[in-house]
Amino acid sequence: ETGVTQSPTHLIKTRGQQVTLRCSSQSGHNTVSWYQQALGQGPQFIFQYYREEENGRGNFPPRFSGLQFPNYSSELNVNALELDDSALYLCASSEGLAPQGGANVLTFGAGSRLTVL
Amino acid sequence: GESVGLHLPTLSVQEGDNSIINCAYSNSASDYFIWYKQESGKGPQFIIDIRSNMDKRQGQRVTVLLNKTVKHLSLQIAATQPGDSAVYFCAERVGTYKYIFGTGTRLKVLA
């Protein structure tokens, strides 16, 4: 069973540029969530994709967008990069949607470290 | 590797002792909670979970306690080992898709 893989592991961009980050979900998982983790903080929810559609979104502007593909892999796109976008971007996959009151473990990848100069 | 959390609260524990990491959560409607461990250069790794209809759950060397009255979670690690050194996060599920993570606690195991 393969885990969650993300690419690239590190990248450097300049303000105003655009970036695409990629994620392959764990085998058997059809739901992908993206989180942003700034240095010294806990991960913050960006959005979740289920069956190729956005299923929920956190408090992030529209320049953060995503896609999910038929094989459940996913992309996170960020346009018009700002200095504050520098962070570790984490992808997490899970098996289906969370049942009310039930267990639904997120399995995380190692992340993509984005530096915006 | 890169550092996860330069200014986090730190708990220093002697190897072999028990560790207790605490977490206050924010939403009384949260129905499910997870503890994650994050080592430098890695993503969060699942440790143990608990549903809101429980107040205690045990795993291998770890126990999670949930006090819904005061919105408090704790993670107890028995016989702490050097490999337990990491940053620990609690996460609460709000609604059906969003997890809110705490600020994290760095655990240092002293030899």
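Calculation notes
Sequence order sets the numbering: in each chain, residues are counted from 1 along the sequence as written. Lettering for chains starts from A, numbering for ligands starts from 1, and both go in the order in which the items are written. pLDDT decides what is reported in this predicted model: residues at 70 or higher carry local features, side-chain atom pairs at 80 or more are listed and counted, and totals for whole chains, interfaces and linings draw on all residues regardless. Here the side-chain values reflect all heavy atoms present in the structure, with hydrogen atoms and water set aside. A run of H or I in DSSP becomes a helix once it reaches four residues, and a run of E becomes a strand once it reaches two; helices and strands are each numbered from the N terminus. Based on C-alpha atoms, the radius of gyration is set beside the globule rule, defined as 2.2 Å times the residue count to the power 0.38. Buried means the residue's accessible area, taken with a 1.4 Å probe over protein chains only, is under 20% of the maximum for its type, while exposed means over 50%, and partly exposed covers the values in between. Whether two residues are in contact is decided by their heavy atoms, any of which lying within 4.5 Å being enough. All accessible areas in this document rest on Shrake-Rupley with a 1.4 Å probe, and a residue is counted as covered only by the protein chains that are shown. Counting rule applied: Lys, Arg positive; Asp, Glu negative; His and chain ends not counted. Every charge is mapped to an atom, namely NZ of Lys, CZ of Arg, CG of Asp or CD of Glu. Only a pair of cysteine sulfur atoms within 2.5 Å counts as a disulfide in this structure description. We count a salt bridge whenever a side-chain nitrogen from Lys or Arg sits within 4 Å of a carboxyl oxygen from Asp or Glu. N or O atoms closer than or at 3.5 Å make up a polar contact, with two conditions inside protein: a donor-capable atom paired with an acceptor-capable one, and, for residues adjacent in sequence, both atoms drawn from side chains. Take the buried residues of types Ala, Val, Leu, Ile, Met, Phe, Trp, Tyr and Cys, join any two whose side-chain atoms come within 4.5 Å, and each joined set is a nonpolar core. The predictor attaches a confidence to each residue, called pLDDT, with possible values from 0 through 100. For two strands to be treated as a pair, DSSP must find no fewer than two bridges joining them. For helices, the fitted axis covers only the stretch in contact; all axes are lines through C-alpha atoms, and the angles between them, taken along N-to-C directions, range from 0 to 180 degrees. Planes of paired rings set the category: under 30 degrees apart is stacked, over 60 is edge-to-face and the rest tilted, where pairs are Phe, Tyr or Trp rings (Trp by its six-membered ring) whose centres lie within 6.5 Å.

## Side note on the overall build of chain B
Link 1 in the chain: Per the secondary structure count, chain B includes zero helices and 10 strands.
Link 2 in the chain: When the helices and strands of chain B are read in sequence order from the N terminus, they spell out β-β-β-β-β-β-β-β-β-β.
Link 3 in the chain: Relative to the compact-globule value of 13 Å for 111 residues, chain B shows a C-alpha radius of gyration of 14 Å, a close match.
Link 4 in the chain: Taking the principal axes of the C-alpha coordinates as reference, chain B spans close to 40 × 25 × 20 Å.
Link 5 in the chain: When burial is assessed residue by residue, chain B has 44% of its 111 residues classed as buried.
Link 6 in the chain: Put simply, 55% of the contacts in chain B that link residues at least 6 apart link residues at least 24 apart.
Link 7 in the chain: Per element, the accessible surface of chain B, about 5400 Å² overall, is 47% carbon and sulfur.
Link 8 in the chain: Of the side-chain charges in chain B, 12 are positive and 9 negative, and the distance between the mean point of each set is 4 Å.

## Re the state of the cysteines
Link 1 in the chain: Per the stated rule, a full pass over the model turns up two disulfides over all chains.
Link 2 in the chain: A sulfur-sulfur distance of 1.9 Å marks the disulfide that ties Cys23 of chain A to Cys91 of chain A. Residues Cys23 of chain A and Cys91 of chain A are joined by a disulfide whose S-S torsion is about -60 degrees; by sign, that bridge is left-handed. Of this pair, Cys23 of chain A sits in strand β3 (residues 19-24) while Cys91 of chain A sits in strand β9 (residues 87-94), and the two are 68 residues apart along the sequence. When sorted by exposure, Cys23 of chain A lands in the same class as Cys91 of chain A, which is buried.
Link 3 in the chain: Cys23 of chain B shares a disulfide with Cys90 of chain B; S-S distance 1.6 Å. Taken together, the residues span a long stretch of sequence, with Cys23 of chain B in strand β2 (residues 19-24) and Cys90 of chain B in strand β8 (residues 86-94) at a distance of 67 residues. Of the two residues, Cys23 of chain B and Cys90 of chain B, both sit in the buried class.

## Regarding the interface of chain B and chain A
Link 1 in the chain: Counting from both sides, the interface comprises 27 residues of chain B and, opposite them, 28 residues of chain A.
Link 2 in the chain: Taken together, the links from chain B to chain A amount to zero salt bridges.
Link 3 in the chain: Summed over the shared surface of chain B and chain A, the number is five residue pairs in polar contact (both at pLDDT 80 or more).
Link 4 in the chain: Contributing elements (two or more residues each) for the side of chain B that touches chain A: β3 (32-38), β4 (45-51), β8 and β9 (98-101) of chain B.
Link 5 in the chain: Residue contributions to the side of chain B that touches chain A peak at four residues, all from β3 of chain B.

## Some points on the nonpolar core
Link 1 in the chain: One finds Trp34, Ile46, Phe64, Leu76 and Tyr89 of chain A to be the most contacted residues of the largest nonpolar core, which totals 20 residues.
Link 2 in the chain: Elements with a contribution of two residues or more to this core: β3, β4 (31-37), β5 (44-50), β8 (74-78), β9 and β11 (112-116) of chain A.
Link 3 in the chain: Val13, Ile21, Phe33 and Leu107 of chain B belong to the second largest nonpolar core, which has 19 residues in total.

## Considerations on the confidence of the model for chain B
Low pLDDT means the predicted atomic positions in that stretch should not be read closely.
Link 1 in the chain: The predicted model of chain B averages 92 in pLDDT, with 94% of residues at 70 or higher.
Link 2 in the chain: Ignoring residues within four places in sequence, the model shows residues 1-5 of chain B, a span with pLDDT below 50, making 18 contacts including any to other chains.

## So, the sheet that holds strand β5 (residues 56-58) of chain B
Residue and element names in this part refer to chain B.
Link 1 in the chain: One open sheet holds the four strands; their spatial order is β2-β7-β6-β5, and the pairing between them is antiparallel. With one partner strand each, in any of the chains shown, β2 and β5 form the two edges of the open sheet. For this sheet, the mean inter-axis angle between neighbouring strands, taken without regard to orientation, is 15 degrees.
Link 2 in the chain: Sheet analysis places β2 next to strand β7 (residues 72-77), joined by six bridges and oriented antiparallel. The partner of Ala24 across the bridge, within β7, is His72.

## Digging into the packing of aromatic side chains
Each pair of aromatic rings is reported with the distance of its centres and the angle of its planes.
Link 1 in the chain: Applying the stated criterion across every chain yields a total of 12 aromatic pairs over all chains.
Link 2 in the chain: Judged by centre distance (5.8 Å) and plane angle (35 degrees), the ring pair of Tyr36 of chain B and Phe101 of chain B falls under tilted. Of this pair, Tyr36 of chain B sits in strand β3 while Phe101 of chain B sits in strand β9, and the two are 65 residues apart along the sequence. Both residues of the pair, Tyr36 of chain B and Phe101 of chain B, belong to the buried class.
Link 3 in the chain: Cluster of aromatic residues (ring-pair linked, three or more members): Tyr35, Phe45 and Phe108 of chain A together with Tyr36, Phe89, Tyr97 and Phe101 of chain B.

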